[in-house]
Amino acid sequence: MLIVSKDNSKFKRLLQIKDNKLKDGYFLIQGKDLVDLAYNNQLLDLVIYLGESNKYSYKNVDYINLSESLYKKLTSYQSLPEVMAVAHLKANTDKLSNRIIYLDGIQDPGNLGTILRTGLAFNFRDFILSSDCVSIYNYKVIQASKGAIFDLNIVKKDNLLELKKLGYAIYVTSLDGQNLSKMQFDDEKYVLVFGNEGQGVKMENQNIANKKIYIEINKEIDSLNVGVSAGILMHYLNNLK
């Protein structure tokens, strides 16, 4: 059945999911590539089609059809995506690997999504986000991750000191750190920490660090974007295996 009224209860719920108002772990994804990835990971809950078409078949998944005016209200883009859907993430686990990425107050959704995508590319699958990070369900995070979120273990809590007590070495990025090219990394378990775009890693987290890392750059530039720094360090450490 085609939904045409903005007062329809199912459509109202979709708007709440889009705006992350339900806080129930469901979120909106837009575009066939993301929908396919969610489906292949068995994380797809509802498919949303434009008009009366349902030209893509996702077996055993419910679907609804929206009029063009409602579809436009739901999407975040000017060009209408071929298909949208509601999805969820894998259940996170506290059983962590020996290599963890800790994100300390990342605010820009594009940066967060990029870091998640890069982490998957370099075999980092456990991410811990501090409570003041941007929401993982922000549509810009989801789009920038290019589907990486469906393959990662993502936990949101403030527990860096707890990880140190569990035997993880803490590596933080810092402008007053040691030059990356002169450092040795031989810890079996470690947490790599990246900080807020403006303030960097919080001082209480810098104070418990085992290593402070500085990436040497041209003196005409005072700092690197956090997504770029994360990519450099994850690639560097991944190649030390």
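Rules of the game
- Residues numbered from 1 in each chain as written.
- Predicted model: local features only at pLDDT ≥ 70, side-chain atom pairs only at ≥ 80, totals over all residues.
- Heavy atoms only, no water.
- 1 Å grid on protein atoms, 1.4 Å probe; cavity = no way out; pocket = protein on both sides within 12 Å on 5 of 7 lines; lining within 4 Å.
- Points joined across faces, edges and corners; volume = space filled by probe spheres on them.
- Helix = DSSP H or I, 4+ residues; strand = E, 2+ residues; numbered from the N terminus.
- Nonpolar A, V, L, I, M, F, W, Y, C, P; charged D, E, K, R; others polar.
- Salt bridge = Lys/Arg side-chain N within 4 Å of Asp/Glu carboxyl O.
- Buried < 20%, exposed > 50% of the residue type's maximum accessible area, 1.4 Å probe, protein only.
- Pairing = 2+ DSSP bridges.
- Right-handed = clockwise from strand over helix to strand, strands pointing away.
- Phe/Tyr/Trp six-rings, centres within 6.5 Å; stacked < 30°, edge-to-face > 60°.
- Core = buried A, V, L, I, M, F, W, Y, C linked by side-chain atoms within 4.5 Å.
- Contact = heavy atoms within 4.5 Å.

Topic: the layout of surface pockets
Empty space within the largest pocket amounts to approximately 520 Å³. Mapped by element, the contributors of at least two residues to the lining of the largest pocket are strand S9 (169-179), strand S10 (190-195), strand S11 (211-214) and helix H8 (226-238). Classifying every residue of the lining of the largest pocket by side-chain character gives 10 nonpolar, 11 polar and 2 charged. The computed volume of the second largest pocket comes to approximately 380 Å³. Listed by contribution, the elements that provide at least two residues to the lining of the second largest pocket are helix H1 (9-18) and strand S8 (153-156).

With respect to the pattern of salt bridges
Inspection of every chain in the model, using the stated rule, returns 7 salt bridges. We note a salt bridge from Asp132 to Lys202, for which the minimum N-O separation is 3.0 Å. Placement of the pair is Asp132 in the loop between strand S7 (126-129) and helix H5 (139-145) and Lys202 in the loop between S10 and helix H7 (203-206), with a sequence separation of 70 residues. Given a relative accessible area of 33%, Asp132 falls into the partly exposed group. With a shortest N-O distance of 3.4 Å, Lys211 and Asp187 are connected by a salt bridge. Of this pair, Lys211 sits in strand S11 while Asp187 sits in the loop between S9 and S10; the two residues are 24 residues apart in sequence, bridging distant segments of the chain.

Brief notes about the pairing of S7
Going residue by residue along S7, you find Asp126 and Ile128 tucked away on one face and Phe127 and Leu129 tucked away on the opposite face as well. Pairing between strand S6 (residues 99-104) and S7: 4 bridges, direction parallel. In the sheet register, Ile100 faces S7, and the bridge partner there is Asp126. Tracing the backbone out of S6, into helix H4 (residues 109-121) and back to the parallel element S7 gives a crossover that is right-handed. Taken together, the 4 bridges between S7 and S8 define a ladder with parallel strand orientation. By the bridge assignment for S8, Leu129 is matched with Lys156. The parallel pair S7 and S8, bridged by H5, forms a crossover whose chirality is right-handed.

Some remarks on the packing of aromatic side chains
The tally for this structure, following the rule as stated, stands at 8 aromatic pairs. Measuring from ring centre to ring centre gives 6.2 Å for Phe27 and Phe150, while their planes differ by 20°; the resulting arrangement is stacked. On the criterion of sequence distance, the pair formed by Phe27 in strand S2 (residues 26-30) and Phe150 in the loop between H5 and S8 is long-range, its members being 123 residues apart. Side by side, Phe27 and Phe150 carry an identical accessibility label, which is buried. Here Phe185 and Tyr236 contribute two aromatic rings whose centre-to-centre distance is 6.2 Å and whose plane-to-plane angle is 70°, an arrangement assigned as edge-to-face. Of this pair, Phe185 sits in the loop between S9 and S10 while Tyr236 sits in helix H8, and the two are 51 residues apart along the sequence.

Section: the nonpolar core
Counting residues in hydrophobic clusters, the biggest one holds 51 residues, and the most contacted among them are Ile29, Leu103 and Phe150. Other than its neighbours up to four places away in sequence, Leu103 contacts Leu112, Ile115, Phe127, Ile128, Leu129, Ser130, Cys133 and Phe194. One finds Ile3, Leu46, Tyr71 and Leu74 within the second-largest nonpolar core, a separate group that totals 14 residues.

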